[in-house]
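Chain by chain, the residues run as shown.
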Amino acid sequence: MDWQGQKLAEHLMQLLLVCFAVVAFITGYMLGSFQMMMLIYAAGVVLTSLLTVPNWPFFNRQALKWLDPSEAEKHPKPQPAISGPKKKTAKK
C-alpha cells in the first residue's frame, strides 16, 4: 500500500465508521432497541474492516519505485554530522 493509499484507507475508515454510527443510533432510537443499534454498528465495523484492512489494488495506484540493491551499493551512505565542542554555561 502506498502513501496515498494509506491516506485513502484512513479517510474511508473514518467516514464509514461515522456513517454507520449515525445510522445505528437513529435506527436504535427509532426502534427503541439498544441491541439493534449495537448489531448495526458491529456490522459496520466488520464491513469497514473488510474494505480498509486488506491491501486492495485501488490502494496501490501510486506505487513507490525502490532503488535496486546493486544500485544502492554504488552510492555512499550519509554520515552523521560532527558537531564541535559544546560550550559550558556559567552557573549563578
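Just so you know, these numbers come straight off a predicted model, no measurement behind them.

Participant: Which parts of the structure should I look at to understand the UniProt feature "transmembrane region" (unreviewed entry) in the protein?
Facilitator: UniProt annotation of "transmembrane region" (unreviewed entry) refers to residues 12–32 and 38–59 when read in the numbering used here. Across residues 12–32, the secondary structure splits into 95% helix and 0% strand, with the terminal C-alpha atoms separated by 29 Å. For residues 38–59, helix accounts for 68% and strand for 0%, while the C-alpha atoms at its two ends are 30 Å apart.

Participant: Got a minute to help me understand the packing of helix α1 (residues 3–31) against helix α2 (residues 34–52) in this structure?
Facilitator: The packing of two helices is summarised by the inter-axis angle and the distance between the axes. Following both chains from N to C, one finds α1 and α2 inclined at 165 degrees, their axes separated by 8 Å at the closest point. Here α2 runs roughly antiparallel to α1, going by the angle between their axes. Judged by the sense of rotation from one axis to the other, the crossing of α1 with α2 is right-handed.

Rules used throughout
- Residues numbered from 1 in each chain as written.
- Predicted model: local features only at pLDDT ≥ 70, side-chain atom pairs only at ≥ 80, totals over all residues.
- Heavy atoms only, no water.
- UniProt positions renumbered as here; feature names shortened; annotations may be inferred.
- Helix = DSSP H or I, 4+ residues; strand = E, 2+ residues; numbered from the N terminus.
- Axes fitted to C-alpha atoms, helices over the stretch in contact; angles between N-to-C directions.
- Parallel < 35°, antiparallel > 145°, perpendicular 65-115°, else oblique.
- Left-handed = near helix turned anticlockwise from the far one by under 90°.

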